Protein chains: 2
Amino acid sequence: MKESGRKLGALSPCAACKLLRRRCAQDCVFAPYFPADEPQKFASVHKVFGASNVNKMLQELPEHQRSDAVSSMVYEANARVRDPVYGCVGAISSLQKQIDSLQTQLALAQAEVVHLRVRQFTSSSNPGAMDMAVDQATMGESLWSC
Amino acid sequence: MKESGRKLGALSPCAACKLLRRRCAQDCVFAPYFPADEPQKFASVHKVFGASNVNKMLQELPEHQRSDAVSSMVYEANARVRDPVYGCVGAISSLQKQIDSLQTQLALAQAEVVHLRVRQFTSSSNPGAMDMAVDQATMGESLWSC
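Residues numbered from 1 in each chain as written. Chains lettered and ligands numbered in written order. Predicted model: local features only at pLDDT ≥ 70, side-chain atom pairs only at ≥ 80, totals over all residues. Heavy atoms only, no water.

### What to know about the interface of chain B and chain A
- The partner chain A presents 43 residues to the 43 residues of chain B that form the contact.
- Carbon and sulfur atoms supply 62% of the area buried between chain B and chain A, which totals about 4,100 Å² over both sides.
- With its nearest N and O atoms 2.6 Å apart, the salt bridge here joins Arg 80 of chain B to Glu 76 of chain A.
- Between the two partners, chain B and chain A, sit 16 residue pairs in polar contact (both at pLDDT 80 or more).
- Every element with two or more residues in the side of chain B that touches chain A is listed here: helix H3 (39-48), helix H4 (51-59), helix H5 (63-82) and helix H6 (87-123) of chain B. (Contact = heavy atoms within 4.5 Å. Buried area = accessible area lost by both parts, 1.4 Å probe. Salt bridge = Lys/Arg side-chain N within 4 Å of Asp/Glu carboxyl O. Polar contact = N/O pair within 3.5 Å; in protein donor to acceptor, adjacent residues only side chain to side chain. Helix = DSSP H or I, 4+ residues; strand = E, 2+ residues; numbered from the N terminus.)

So this is what it looks like as structure tokens:
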């Protein structure tokens, strides 16, 4: 859709060529991904990666992967503009902390399940009840960990 | 420690100046963070961000934040070299999926705890046992979510 828009409006430069003050050629590598009506997208990647690096990175990829590459570069560049010290590595570190906390909470909940099952089976006074409770709880754990 | 190493070895250029084939001045902005014995660090950020952008980003930060900024840029650049389409946004997306999965597992385990507590209290035939079990389970949940 963007590419057909590009063909129709070939006379107006894309956001990249506009910022770089250069002629926007028919086969401009930026034009399909940096439309003139979203100037901020190119401004961010230009500031963080530099136009010639973005150009080079796009040229090195097959066309069907370029749109995803641009999205991830824009995401990364915006993160670096917002947080010049940590960029999107700050987000990675915060997600990693969230994972550590969830793993702790999950281990506690699973231990509580084992405890409750053991208590339930032993209070019913069946022979071998403790082993059955632990076996069932372990089966539960292996299901959760799928 | 790196800075004192720098002073002692002022005659040999840092990894950045070596790659850029330029004289490494006494006050070189790259030298404290890109020692000559770790050439890959600068090669990655140079390839992904460009030397002049790295220079600019460092100059815009107070000195005590530059080391963290370099570490996060090296991390980001290595991720982009390994995965030219998604870079470290690929790691963010994979961590996000891991969080979704852990949250689902946690909700299941917490539901199992509620179920076991309700069964345990109701089997003891106390009046209002169901409410107590649910109250206790809810207290447990609020503790886990701290």
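### Side note on the nonpolar core
- In this structure, Phe 30, Phe 34 and Phe 49 of chain A together with Phe 30, Phe 34 and Phe 49 of chain B are the most contacted members of the largest nonpolar core, which totals 52 residues.
- Looking at this core, the elements that each hand over two or more residues are helix H2 (15-20), helix H3 (39-48), helix H4 (51-59) and helix H5 (63-82) of chain A together with helix H2 (15-20), H3, H4 and H5 of chain B.
- Sequence-distant contacts of Phe 49 of chain B, defined by excluding residues within four places in its chain, comprise Val 48, Phe 49 and Asn 53 of chain A together with Val 54, Met 57, Met 73, Glu 76 and Ala 77 of chain B.
- The next biggest cluster of nonpolar side chains, apart from the first, holds 16 residues, and it includes Ala 79, Ile 92 and Ala 109 of chain A together with Leu 102 of chain B. (Core = buried A, V, L, I, M, F, W, Y, C linked by side-chain atoms within 4.5 Å. Buried < 20%, exposed > 50% of the residue type's maximum accessible area, 1.4 Å probe, protein only.)

### Comments concerning unusual backbone geometry
- Notably, Arg 21 of chain A is not glycine yet its phi reads approximately 50°, a positive angle.
- For Arg 21 of chain A, the location among the structural elements is in the loop between H2 and H3.

### Structural notes on the relation of the copies chain B and chain A
- Least-squares fitting of chain B to chain A yields an RMSD of 0.0 Å, with the superposition described by an axial translation of 0.0 Å and a rotation of 180°. Here the symmetry operator amounts to a two-fold rotation axis. Among all residues of chain B, the minimum C-alpha distance to the rotation axis is found for Phe 49 of chain B, at 2.1 Å.
- Most of the interface of chain B is mirrored in chain A, where 100% of its interface residues are also at the interface. (Least-squares fit on C-alpha atoms with pLDDT ≥ 70 in both.)

### Let's talk about the side chain of Ser 44 of chain B
- Note on placement: Ser 44 of chain B falls in helix H3.
- Apart from the residues lying within four places of it in its own chain, the contact partners of Ser 44 of chain B are Ala 77 and Asn 78 of chain B.

### Comments concerning the UniProt feature "coiled-coil region" (unreviewed entry) in chain A
- As recorded in UniProt, the sites labelled "coiled-coil region" (unreviewed entry) are residues 92-119 of chain A.
- Spanning residues 92-119 of chain A, this segment combines 100% helix with 0% strand, and its end C-alpha atoms are found 41 Å apart. (UniProt positions renumbered as here; feature names shortened; annotations may be inferred.)

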